[in-house]
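Fold and geometry: a report
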Amino acid sequence: MNAYRHKALVYYSSFAKYKLNKTKVLGVFLGVVLLIYLLLMPKIKINIYFDLDNNTEQTETENLPIAAVLASSKSKKLTDYEIAMFALKSCEGLHFEPYWDVTQWTIGWGTKSKKGEKINLDEANTRLYKEFDRVYKSVDKRFPHLQRWDKLVLTIMDFNVGHFGTQLNAAIMANDKPAIASTMLLYHNTSKGISLEGLKKRRALEASLLQASEIKKQKLGAALKQKVNKHINKANEKFTERN
């Protein structure tokens, strides 16, 4: 019996040492993995951060995959209203002091002003949103059958044009998008009948937005957002130089 007890104790002691050694090895291994993790993760995070920053500097997003476009805009998804705002702002430009525009003093993102006035970015945005809302309500009242996106695009155009002719009204009432888009392109003349390249580009953008798919809208929105940011930087620099 004592011999059997002795053998059992020997086996148990060996097994315990084996388990203890195995536990130590596992602990050391996990410790090494944790150390590597702590050393490398800060670098990995920094690399990811700079990659995102590099994406925001893209000037041409048309050929980028939608995931890259969304990353560059630093937003999961731009709303229809945000895209419409970026489109309008990109066309109007930003001024913190008034300038004469055909028949009136204009300031901010293309809203009415008076000589000698000065505003900041917050005020420029507030005035634009208020005026855009007024024009949108007019478009919504005239064309209640349209989808919201179509109304937003037409509001962008109406903000600049001020009225729609018979041909465009007919196309809108028929909800014929190709006809609406092609007719929009005709509105590139000033009140004096002078054709302007800037108005041609503006109408082309509006027509493109009207017929854009969801992915196309996001790509255009990301590109327009970058252009708006450039307008803001330029306006800040100009205002600082003058004041």
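Position labels on residues start from 1 in each chain and follow its written sequence. Per-residue local features are limited, in this predicted model, to residues with pLDDT of at least 70; the limit for side-chain atom pairs, both in listing and counting, is 80 or more; totals at the level of whole chains, interfaces and linings are taken over all residues. Note: side-chain values were computed over all heavy atoms of the structure, leaving out hydrogens and water.

Describing the layout of surface pockets
In this analysis, the protein atoms alone were mapped onto a 1 Å grid. Cavities are point sets where a 1.4 Å probe fits without being able to get out; pockets are open sets with protein on both sides within 12 Å along at least five of seven lines; lining residues have an atom within 4 Å of a point. Grid points are joined across faces, edges and corners, and a volume is the space filled by probe spheres set on the points. As a volume, the largest pocket reaches approximately 1400 Å³. Forming the boundary of the largest pocket are 41 residues, of which Glu92, Asp101, Asn160, Val161 and Arg202 lie nearest the centre. The numbering of helices and of strands both runs from the N terminus, where a helix is a DSSP run of H or I of at least 4 residues and a strand a run of E of at least 2. When contributions to the lining of the largest pocket are tallied by element, the ones reaching two or more residues are helix 3 (80–92), strand 1 (95–101), strand 2 (104–108), strand 3 (111–112), helix 4 (121–142), helix 5 (148–161), helix 8 (197–210) and helix 9 (214–242). The element contributing the most residues to the lining of the largest pocket is helix 8, with 6 residues. Note on residue categories: nonpolar means Ala, Val, Leu, Ile, Met, Phe, Trp, Tyr, Cys or Pro, charged means Asp, Glu, Lys or Arg, and polar means any other residue, Gly included. Taken together, the residues of the lining of the largest pocket sort by class into 12 nonpolar, 18 polar and 11 charged.

Here we look at the pairing of strand 1
Bridge count between strand 1 and strand 2: 4 bridges; the pairing is antiparallel. In the sheet register, tryptophan 100 faces strand 2, and the bridge partner there is tryptophan 105. We call two strands paired when DSSP finds no fewer than two bridges between them. Joining the antiparallel neighbours strand 1 and strand 2 is a turn of 2 residues, in which valine 102 adopts a positive phi near 65 degrees.

Structural notes on the packing of aromatic side chains
Pairing of aromatic rings covers Phe, Tyr and the six-membered ring of Trp, with a centre-to-centre limit of 6.5 Å; geometry is then stacked below 30 degrees between planes, edge-to-face above 60, and tilted otherwise. For the coordinates displayed, the defined rule picks out 5 aromatic pairs. Where tyrosine 81 meets tyrosine 129, the ring centres are 6.5 Å apart and the plane angle is 55 degrees; that geometry is what we call tilted. You can see tyrosine 81 sitting in helix 3 and its partner tyrosine 129 sitting in helix 4, a full 48 residues away along the chain. Seen in terms of ring centroids, tryptophan 100 and tryptophan 105 are 5.5 Å apart; in terms of plane orientation they differ by 75 degrees. Their pairing is edge-to-face. We call a residue buried when its accessible area falls under 20% of the maximum for its residue type, exposed when it is over 50%, and partly exposed in between, using a 1.4 Å probe and counting protein chains only. Owing to a relative accessible area of 27%, tryptophan 105 belongs among the partly exposed residues under this scheme. Members of the aromatic cluster, each reached through a chain of ring pairs, are Tyr81, Tyr129 and Phe132.

Purely spatial values, then, with no claim about function.
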